[in-house]
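Okay, here's what each chain looks like letter by letter:
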Amino acid sequence: TYEKILPAPKVLRPALLARIQREIDLHTRKAPGLIQFKMNALEDVDITRALYAASQDGVKVDLIVRDTCRLRPGIPGLSENVTVTSIVGRFLEHCRIYYFRNCGQEEYYIGSADLMSRNLISRVEVLAPIS
């Protein structure tokens, strides 16, 4: 069991999906939800679907992605609350940051994991909270 870190392959994906769902559940007009991720790639189908669901429920989703991004922003009724900024460069971005507004109890995580199935299922990766 882990108290603070989110290691893959067993804990990380379910923990991220739970935090995305929590952001959906806590979202109101007075306390709008916000999810912000900076990473190299977003390829994982389950995470992508969860982010679409968050957008459909009104949660603002801001992504900064260097490489592949399976989520298409700006589709009415699906991803109109999503922005994707592409940062194409010569070198891989090594800082990954995951932010959840969490109704004012903000959570920040940094670590090695991109949102790719190979990172979430097949490798040992870790996100650590910043407090």
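The residue count restarts for each chain, going from 1 along the sequence in the order it is written. It should be noted that, the model being predicted, local features are given only for residues of pLDDT at least 70 and side-chain atom pairs only at 80 or more, the latter also being counted only at that level, while totals for whole chains, interfaces and linings use all residues. Excluding hydrogens and water, the side-chain figures rest on all heavy atoms present in the structure.

Caption draft 1: Geometry of the side chain of D114. Only DSSP runs of H or I covering at least 4 residues are called helices, and only runs of E covering at least 2 are called strands; the numbering of each starts at the N terminus. By secondary structure assignment, the location of D114 is in the loop between strand 6 (107–111) and helix 3 (117–121). The exposure class assigned to D114 is buried, which follows from its relative accessible area of 5%. A polar side-chain atom of D114 sits 2.7 Å from the main-chain amide nitrogen of N40. Within the structure, the side chain of D114 is placed 2.8 Å from the side chain of R96, a separation counted as a polar contact. For the exposure calls, accessible area comes from a 1.4 Å probe over protein chains only, and a residue counts as buried if that area is under 20% of its type's maximum, exposed if over 50%, partly exposed in between. Throughout this description, a polar contact denotes any pair of N or O atoms lying within 3.5 Å of each other; where both atoms belong to protein, one of them has to be capable of donating a hydrogen while the other can accept it, and for residues adjacent in sequence the pair is counted only when both atoms sit in side chains.

Caption draft 2: Just helix 2 (residues 45–56), in detail. Multiply 1.5 Å by the residue count of a helix minus one, and that product is the helix's expected span. Between its terminal C-alpha atoms helix 2 stretches 16 Å, which fits the 16 Å expected from 12 residues at 1.5 Å a residue. For helix 2, every residue scored as buried is listed here: I47, T48, A50, L51, Y52, A54 and S55. For helix 2, the secondary structure elements touched by its buried residues are helix 1 (12–26), strand 2 (34–39), strand 3 (60–65), strand 4 (82–86) and helix 3. Its side-chain oxygen 3.2 Å from the backbone nitrogen of D46, D44 forms the N-cap of helix 2. One or two steps after helix 2, the chain reaches G58, where phi turns positive at roughly 100°. Pairs of residues are marked as contacts when any of their non-hydrogen atoms sit within 4.5 Å.

Caption draft 3: Up close: the sheet that holds strand 1 (residues 6–7). Within the open sheet, the seven strands sit side by side as 1-7-6-5-2-3-4. Their pairing is mixed. Among the strands making up the open sheet, the edge pair consists of strand 1 and strand 4. Any two strands between which DSSP finds at least two bridges are classified as paired. Examined bridge by bridge, strand 2 and strand 5 (residues 96–100) share four bridges and lie antiparallel to one another. Bridging across to strand 5, Q36 finds its partner in Y99. Lines are fitted to the C-alpha atoms to define the axes, a helix being fitted only along its stretch in contact, and any angle between axes, read from their N-to-C directions, falls within 0 to 180 degrees. In the packing of helix 1 onto the sheet, contacts are made with strand 1, strand 2, strand 5, strand 6 and strand 7 (126–130), and the angle to strand 5 comes to roughly 35°. The strands touched by helix 2 are strand 2, strand 3 and strand 4; relative to strand 3, the strand with the most contacts, the crossing angle is about 140°.

Caption draft 4: The arrangement of the nonpolar core in detail. With 29 residues, the main nonpolar core has I20, I35, F37, L51, L63 and L115 as its most contacted residues. Sorting the residues of this core by element identifies helix 1, strand 2, helix 2, strand 3 and strand 5 as the ones contributing at least two each. Not counting residues up to four positions away in its chain, the partners in contact with L63 are F37, M39, L42, L51, C69, L71, T83, V84 and T85. As used in this record, nonpolar core signifies buried Ala, Val, Leu, Ile, Met, Phe, Trp, Tyr and Cys residues forming a set joined through side-chain atoms within 4.5 Å.

Caption draft 5: Just the packing of aromatic side chains, in detail. Each Phe, Tyr or Trp ring, with Trp reduced to its six-membered ring, pairs with another whose centre is within 6.5 Å; inter-plane angles below 30 degrees give stacked pairs, above 60 give edge-to-face pairs, and intermediate values give tilted ones. Counting across every chain of the model gives three aromatic pairs. Geometrically, the ring pair formed by F37 and Y98 is edge-to-face, given 4.9 Å between the ring centres and 65° between the ring planes. Of this pair, F37 sits in strand 2 while Y98 is found in strand 5, placing the two residues 61 residues apart along the sequence. Across the pair, Y98 and F37 agree in class, each one buried.

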